[in-house]
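One letter stands for each residue in the lines below.
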Amino acid sequence: MTHGYSVGGDGGGAVADRPTVLVRMADAGDVYISWRWLGYDAAPGVAALPGADIDAVVRELAAALPDPSVPGSLERTLTAAALAAPDSEYLLARDLSRALLPYELAGQLHTLYLQGIRPLIRLQPSPRVAQVPWEILAPAPEVRLIDIADIGLLAPAGIVHAPTRIAQSWAETRELPVVAVLDPRVPGFRADSELGSVLGRMNHPTPLTERIADHIGAGRIRPEVGEPTEIFRRTDLDRAWLSRALRGGAARLLYVGHVTAASPESGQSENTELHLACTADTVGFAEPHRTHRPLSAKDLLLGTHTLDSEPVAGRELWPVPSRVALIACESGGDLRFTEALGLIAAMITGGAELVTATRWPLPTDLAFQRLGGATGATPLQEVVCAVDAAHETTDPVAVLAQWQRARLRAWRGTGAIENSPVLWSAFATFAT
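Being a predicted model, the structure only gives us computed values, none of them experimental.

**Student:** Please explain the pairing of strand 3 (residues 45–49) as it appears in this structure.
**Tutor:** Successive residues of a regular strand alternate their side chains across the two faces of the sheet. Covered by surrounding structure in strand 3 are G45, A47 and L49 only, the residues V46 and A48 on the alternate face being uncovered. As paired elements, strand 2 (residues 30–38) and strand 3 share five bridges and run antiparallel to each other. Bridging from a neighbouring strand, W35 pairs with G45 of strand 3. Counted between consecutive antiparallel strands, the loop separating strand 2 from strand 3 contains six residues, among which G39 sits at a positive phi close to 75°.

If you want it as structure tokens, here you go:
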């Protein structure tokens, strides 16, 4: 009965006919959730989740996450908050599951689990629960949702089916170069400042430099460099360079750096900013930060519309490749807005089929080492390697889920902060 399905092992390959459940949520006082199955004979369902319970558990989650605006928040996250230890993290995961996972859907997933079948959950959360890491939900003491299902996010349908969108095909472009923007120098900001280095000194062999060396050996990395260390902390990776690199043809975009997310209260997700090496005299919609002007989602969407006498559309300036990784603080914050027009929307509008981004601010390796006591650990670099490797495969969602299960096993086995879900469950993959 499991023929043709992705079964309970950690295979991770793409299997077209495995059961898939489409889950959609909406805020309306309470949170309404509906689901329907593809490739599995199970009843669709609808449930109303009590709004008070949702709000309480979302506050519980928020208290466990880093908040750059609160002094000492990052240290608390890594040492004292719910995600800092397995016992307290499990209690948070249990509360999330009780509030968010309908009994009927949990039963259907459990039935497949008992048959050794691991389905795919494709989820479209409501803004109210957009930061919830569904991977860690604990429907039973020894079971997490990532144990029994692979989980991906549904890109908003209005963006996917926009009449001007021209999607890039992975099958047709997979041999093209990888455009990598890795910890670029932001003009006007020192390495130890708020927009400083996220990776630290990369002047010795690390898991990430070894990964870059493989790309150099294959002749597939842009910018073209002779040594891995030459690709980090560059001063020339501005929006003009990015435009040239993408227009030259690319299979993937890998960005590791800073994102400044727009506040959900503003209602203006298009103001979310990507920090490249652009100087303040660069033409763009975002306001300068000292001697630097960020590249905003609005820039990517509109190009130079209203900014130039002969405007060029965003998708022409920055034709986005099939696969994009945005490894930066809250780079996937679009879904916190009713109108999702942030970086995820911009990337998909520009041509991406699949985008991996983050739900909340990420601790750096230095933070894990200095604040969390994880001496010598490089969990952020390992995340970059895992996402980069997954994006080279046929089914990145399944491969990243496999990696997350490995991190969960390490968390269960060691309780070490570098294995905490505070990092690995921050990542979500949006697919069209």
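Back to the text.
**Student:** Help me out: how do you make sense of empty space enclosed by the protein in this one?
**Tutor:** Gaps left between atoms are located by rolling a probe of water-molecule size over the structure's atoms. Tallied over the full model, the rule gives two cavities of 30 Å³ or more. Looking at the largest cavity, its volume works out to about 90 Å³. The wall of the largest cavity is formed by E135, I151, V397, L400, A401, W403, Q404, F427, A428 and T429. Listed by contribution, the elements that provide at least two residues to the lining of the largest cavity are helix 15 (396–414) and strand 14 (427–431).

**Student:** Even after reading the chapter, I still don't get the sheet that holds strand 1 (residues 20–28), so can you show me in this structure?
**Tutor:** To summarise the sheet geometry, strands pair through backbone hydrogen bonds and adopt either a parallel or an antiparallel arrangement. In spatial order, the strands read 3-2-1-4-5-14-13-12-8-6-7; together these 11 strands make up an open sheet with mixed pairing. Where the open sheet ends on each side, the last strands, each with one partner, are strand 3 and strand 7 (221–222). Pairing between strand 13 (residues 354–358) and strand 14: five bridges, direction antiparallel. Residue T358 lies in a different strand from strand 14, and its bridge partner there is F427. Against the sheet, helix 9 (residues 239–247) engages strand 6 (178–182), strand 7 and strand 8 (252–256), with an angle of about 160° to strand 6.

**Student:** Any chance you could explain the environment of I344 here in plain terms?
**Tutor:** Looking at the secondary structure, you find I344 in helix 12 (residues 343–349). Owing to a relative accessible area of 2%, I344 belongs among the buried residues under this scheme. Along the backbone, I344 and G333 are 11 residues apart, and their C-alpha atoms lie at a distance of 8.1 Å. Those residues in contact with I344, other than ones at most four positions away along the chain, are S331, G332, D334, V355, A357 and F430.

Cut-offs used in this document
Residues numbered from 1 in each chain as written. Predicted model: local features only at pLDDT ≥ 70, side-chain atom pairs only at ≥ 80, totals over all residues. Heavy atoms only, no water. Buried < 20%, exposed > 50% of the residue type's maximum accessible area, 1.4 Å probe, protein only. Helix = DSSP H or I, 4+ residues; strand = E, 2+ residues; numbered from the N terminus. Pairing = 2+ DSSP bridges. 1 Å grid on protein atoms, 1.4 Å probe; cavity = no way out; pocket = protein on both sides within 12 Å on 5 of 7 lines; lining within 4 Å. Points joined across faces, edges and corners; volume = space filled by probe spheres on them. Contact = heavy atoms within 4.5 Å. Axes fitted to C-alpha atoms, helices over the stretch in contact; angles between N-to-C directions.

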